[in-house]
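# Observations on the three-dimensional arrangement
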Amino acid sequence: MIVAGAVVQGTAHLARGQGCQDAFRAVDLGASAVLAVADGAGGQERSALGAHIAVDAACRALAEDIPDAGDGPEVWTEWTARAGARVMRDYRRSVRGVLSADGPGAPEGARALAATLAAAVVRPPWVAFVAVGDCFGTLLTRGPVGPGPVREARDRCHLVLPPPSPGAAETVFLSSPGAGLRIRSFVVWEPQLSGVVLATDGCVPLTLDHPSVRRLPPEAGPLPSERFFCGLAATLRANGGDAAPLHALLSGPEAARSGDDLTVLCALTEGG
């Protein structure tokens, strides 16, 4: 499996002298991979630490006892729900450890370490997703297209973990009250699976298209940009997973539109 990721400090953060508050981590287990991206709350000074705690907790919890590829949907669904709860427990335990080391006078408490999270376990043909907050995830599939008996295989992208719609309620963080009840956890079985891409919300202007681009009504919601996702997959497969082109994409003029930190992490099947 090809695993690659990059994080770039947002232009607005740079202008304010504010450090990058995104984090990512991946664990390549050969037949499977665990991916996690996190976005620290912009208004909290220690949220970068919170983001690192989040991805560490997610990778630690989701790498344990992963079901087999041949297991059924009940096994995968139950495991994913339990794993999501473990992620939350591990995150809170680590945060309590940090706050305990700070002493009773620590300002802001857990809120100072607020972060959102999206994580995935990729074990073809299965993908298990766990998310809290506004990070998002895209699935890549590969199959034949076009008429006739000889058809070219190509990638397609599917936004399976969308970010909240504009104007949605206040962002939920891992440290928010009741966050444990608002975890999004679900599984996808896809025999044509060719990759999974996770991203933080600063990447929305670069990676998602308005539905009008495909002549669809606004209620269709954001759509994954084939130019970005399929182009990225082709590049990474061609160069063996060198993340330099991905870093260049996240540093370009189009990416600067959001002003926010940008993080993209992906796992691609090598047979794609």
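Residues numbered from 1 in each chain as written. Predicted model: local features only at pLDDT ≥ 70, side-chain atom pairs only at ≥ 80, totals over all residues. Heavy atoms only, no water.

## Looking at the overall build of the protein chain
On a plain count of helices and strands, the protein chain comes out with six helices and 12 strands. The C-alpha atoms of the protein chain give a radius of gyration of 18 Å, which matches the 19 Å a tight globule of 272 residues would have. When its C-alpha atoms are laid out on the principal axes, the protein chain stretches across 70 × 45 × 35 Å. For the protein chain, the proportion of contacts with a sequence separation of at least 24, taken over those separated by at least 6, is 72%. Each charge sign in the protein chain was given a centre, from 23 positive and 28 negative side chains, and these centres are 2 Å apart. (Helix = DSSP H or I, 4+ residues; strand = E, 2+ residues; numbered from the N terminus. Rg over C-alpha atoms; globule rule 2.2 N^0.38 Å. Contact = heavy atoms within 4.5 Å. Lys, Arg positive; Asp, Glu negative; His and termini not counted. Charge placed at Lys NZ, Arg CZ, Asp CG, Glu CD.)

## As for the sheet that holds strand β2 (residues 22-28)
Spatially, β2-β3-β4-β5-β8 is the arrangement adopted by the five strands of the open sheet, whose pairing is antiparallel. A strand with exactly one partner marks an edge of an open sheet, and here the two such strands are β2 and β8 (184-189). With direction set aside, neighbouring strand axes in the sheet form an average angle of 10 degrees. Taken together, the six bridges between strand β5 (residues 126-132) and β8 define a ladder with antiparallel strand orientation. Following the sheet pairing, Val130 is matched in β8 by Ser185. Strand contacts of helix α2 (residues 47-62): β2, β3 (33-40), β4 (115-123) and β5, with the helix running at about 160 degrees to β3, the strand carrying the most contacts. (Pairing = 2+ DSSP bridges. Axes fitted to C-alpha atoms, helices over the stretch in contact; angles between N-to-C directions.)

## Notes on the environment of Leu206
As for its position among the elements, Leu206 is in helix α4 (residues 204-207). Put simply, Leu206 and Glu254 are 48 residues apart on the chain and 6.2 Å apart in space, counted from C-alpha to C-alpha. What Leu206 contacts, discounting residues up to four positions off in sequence, is Phe228, Leu249, Leu250, Glu254, Ala255 and Arg257.

## As for the pattern of salt bridges
For the coordinates displayed, the defined rule picks out eight salt bridges. In this structure, Arg86 engages Glu64 in a salt bridge whose closest nitrogen and oxygen atoms are separated by 4.0 Å. In this pair, Arg86 is assigned in helix α3 (residues 73-102) and Glu64 in the loop between α2 and α3, connecting sequence segments 22 residues apart. Judged by its relative accessible area of 17%, Arg86 is buried. Between Arg142 and Asp155 there is a salt bridge whose closest N-O contact spans 3.3 Å. Linking Arg142 in strand β6 (residues 136-145) with Asp155 in strand β7 (residues 152-161), this pair joins segments that are 13 residues apart in sequence. A single network of salt bridges, built from pairs that share partners, joins Arg60, Asp90 and Arg93. (Salt bridge = Lys/Arg side-chain N within 4 Å of Asp/Glu carboxyl O. Buried < 20%, exposed > 50% of the residue type's maximum accessible area, 1.4 Å probe, protein only.)

## Here we look at α2
One turn of an α-helix holds 3.6 residues; hence residues three or four places apart share an orientation. End to end, α2 covers 22 Å across 16 residues, agreeing with the expected 22 Å (1.5 Å per residue, within 8%). Considered for burial, the residues of α2 that qualify are Ser47, Gly50, Ala51, Ile53, Ala54, Val55, Ala57, Ala58, Cys59, Ala61 and Leu62. (Expected span 1.5 Å × (residues − 1).)

## Side note on the packing of aromatic side chains
In this description, an aromatic ring pair is defined by two values, namely the gap between the centres and the angle between the planes. Enumeration according to the criterion identifies four aromatic pairs in this entry. Each ring, one from Trp76 and one from Trp126, has its centre 5.5 Å from the other, and the planes form 15 degrees; the classification is stacked. Here Trp76, found in helix α3, pairs with Trp126, found in strand β5; they are 50 residues apart in sequence, far enough to count as distant. Owing to a relative accessible area of 0%, Trp76 belongs among the buried residues under this scheme. According to the relative accessible area criterion, Trp126 is buried, its value standing at 5%. (Phe/Tyr/Trp six-rings, centres within 6.5 Å; stacked < 30°, edge-to-face > 60°.)

## Re the state of the cysteines
Here is the idea: a disulfide is a covalent bond, and it sits between the sulfur atoms of two cysteines. One pass over the structure, following the stated rule, counts zero disulfides. With no disulfide of its own, Cys135 lies 9.0 Å from the sulfur of Cys203, the closest cysteine sulfur. Relative accessible area serves as the criterion here: at 1%, Cys135 is assigned to the buried category. Summary of cysteine pairing: Cys230 is not part of a disulfide, and the nearest cysteine sulfur, belonging to Cys157, is at 4.4 Å. Classification of Cys230 as buried rests on a relative accessible area of 16%. (Disulfide = S-S within 2.5 Å.)

## Let's talk about the nonpolar core
Within the largest apolar cluster, 34 residues are counted, with the highest numbers of intra-cluster contacts made by Leu62, Tyr91 and Leu117. Mapped by element, the contributors of at least two residues to this core are β2, β3, α2, α3, β4 and β5. Discounting residues that sit within four places of it in the chain, Tyr91 has contacts with Gly50, Ile53, Ala54, Ala57, Leu113, Ala114, Ala115, Leu174 and Ser175. Grouped together as the second largest cluster of nonpolar side chains are 25 residues, Ala4, Val197, Leu206 and Leu250 included. (Core = buried A, V, L, I, M, F, W, Y, C linked by side-chain atoms within 4.5 Å.)

## Thoughts on the pairing of strand β12 (residues 262-268)
For β12, the buried fraction is high: seven of the seven residues fall into the buried class. With burial as the criterion, each face of β12 is covered, one bearing Leu262, Val264, Cys266 and Leu268 and the other bearing Thr263, Leu265 and Ala267. Bridge count between strand β1 (residues 2-8) and β12: seven bridges; the pairing is antiparallel. Bridging from a neighbouring strand, Val7 pairs with Thr263 of β12. The sheet contact formed by strand β9 (residues 193-199) and β12 spans five bridges and is antiparallel. Across the sheet, the residue bridging to Gly195 is Leu268, located in β12.

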